[in-house]
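So you can see what is in the structure, the chains are spelled out below.
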Amino acid sequence: MNIILFGPPGAGKGTQAEKLISRFNIPHLSTGNIFRSNIKNQTPLGKKVKAILDDGKLVPDETVVEIVTDELQKDEYQKGVVLDGFPRTVIQATALDKFFSDNGSRIDAFVTLSVPEEELISRILSRGEGRSDDTPEKIKTRLQVYRNETEPVLNHYKKQNLVKVIDGVGSIDEIFDRILKALK
Ligand code: AMP
């Protein structure tokens, strides 16, 4: 089962991805986690993307698509994946669609978590993960980037009838139950 978890920064994608992977026993692929771990380990990729993440901007499509498609070819992803933080542009979505169709696979569900903007900001500010992009100014940029570049991805998948809109306000378990119902 290939699931895309979508939504603005602070919507709870990472938290719900963790619950989905343990329920369905499929791996989690978070592009944000990949970048943060490369930055931490000071790899060439990490050095290339550090300033972009610090600014709350998007890493170039080419770079992200190459990383994700390389990763998805590994054995561990053959029975499925929970994608979190990808695709974030229509170009990335189109590349992902092509990858799945070239490999005789497909997206089973596109789950989007809907959370009001004030709540997103207060969640991010209180999550205390020490992320360099979790400051009020960077959150503003990330929300703007989301609206301008990422939200159009939703329409892309609406056209394919894959979108499940989930109310992302409530307890972690309540939201997870809503996702499970939508996946049935
Ligand atoms: P996240 O952990 O998903 O919030 O991602 C953190 C940061 O990593 C984003 O603000 C971007 O700078 C970068 N990033 C993660 N995923 C992508 C993507 N699919 N396309 C471009 N940049 C990304």
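Participant: Would you mind going over the side chain of Arg 142 with me for this structure?
Facilitator: Looking at the secondary structure, you find Arg 142 in helix α7 (residues 136-150). If sequence neighbours within four positions are ignored, Arg 142 has contacts with Pro 9, Gly 56, Ile 124, Arg 127, Arg 131, Asp 133 and Asp 134.

Participant: What is the right way to read the packing of helix α1 (residues 13-24) against helix α9 (residues 172-183) from this model?
Facilitator: Angle between the axes and distance between the axes are the two parameters that describe a pair of packed helices. Across the interface, α1 lies against α9 with an axial gap of 10 Å and an inter-helix angle of 55°. Considered as vectors, α1 and α9 are oriented oblique to each other. Considering only the axes of α1 and α9, their crossing is right-handed. Contact with α1, carried on its side by Thr 15, Gln 16, Lys 19, Leu 20, Arg 23 and Phe 24, involves Ile 172, Asp 173, Ile 175, Phe 176, Ile 179, Leu 180 and Leu 183 of α9 and no other residues of that element. The class makeup of the residues in the contact of α1 with α9 is 8 nonpolar, 2 polar and 3 charged.

Participant: Which parts of the structure should I look at to understand unusual backbone geometry?
Facilitator: Negative phi characterises most residues that are not glycine, and trans characterises most peptide bonds. In this structure, Pro 87 follows Phe 86 across a cis peptide bond, with omega equal to 0°. Considering the arrangement of structural elements, one finds Pro 87 in the loop between β3 (81-84) and α5 (90-102). Of note, Gln 42 is a non-glycine position whose phi angle comes to about 50°, a positive value. Looking at the element boundaries, Gln 42 is found in the loop between α2 (31-40) and α3 (44-55).

Participant: Explain the pattern of salt bridges here, please?
Facilitator: Where charged atoms from two side chains of opposite charge come close, those side chains can pair. Summed over the entire model, instances satisfying the criterion amount to 14 salt bridges. Lys 50 serves as the salt-bridge partner of Asp 54, at 2.6 Å between the closest nitrogen and oxygen. Taken together, the positions of Asp 54 and Lys 50, both in helix α3 and 4 residues apart, correspond to about one turn of that helix. Across the salt bridge formed by Asp 133 and Arg 131, the nearest N and O atoms sit 2.9 Å from each other. Overlapping salt bridges, with partners in common, bring together Arg 127, Glu 129, Arg 131, Asp 133, Asp 134 and Arg 142 in one network.

Participant: How do you make sense of the site of the ligand when you look at a structure like this?
Facilitator: Taken together, 14 residues sit near the ligand, with Thr 31, Arg 36, Lys 57, Gly 85 and Gln 92 positioned nearest. Here an oxygen atom of the ligand and a side-chain polar atom of Arg 88 are 3.0 Å apart. A distance of 3.2 Å separates an oxygen atom of the ligand from a polar side-chain atom of Arg 131. Out of a free accessible area of 470 Å², the ligand has 96% covered by protein chains. Sort the elements by how many residues they give to the shell around the ligand and α2 lands first, with 4 residues.

Cut-offs applied
Residues numbered from 1 in each chain as written. Predicted model: local features only at pLDDT ≥ 70, side-chain atom pairs only at ≥ 80, totals over all residues. Heavy atoms only, no water. Helix = DSSP H or I, 4+ residues; strand = E, 2+ residues; numbered from the N terminus. Contact = heavy atoms within 4.5 Å. Axes fitted to C-alpha atoms, helices over the stretch in contact; angles between N-to-C directions. Parallel < 35°, antiparallel > 145°, perpendicular 65-115°, else oblique. Left-handed = near helix turned anticlockwise from the far one by under 90°. Nonpolar A, V, L, I, M, F, W, Y, C, P; charged D, E, K, R; others polar. Salt bridge = Lys/Arg side-chain N within 4 Å of Asp/Glu carboxyl O. Near = heavy atom within 4 Å. Polar contact = N/O pair within 3.5 Å; in protein donor to acceptor, adjacent residues only side chain to side chain. Areas by Shrake-Rupley, 256 points an atom, 1.4 Å probe, with all protein chains shown as cover.

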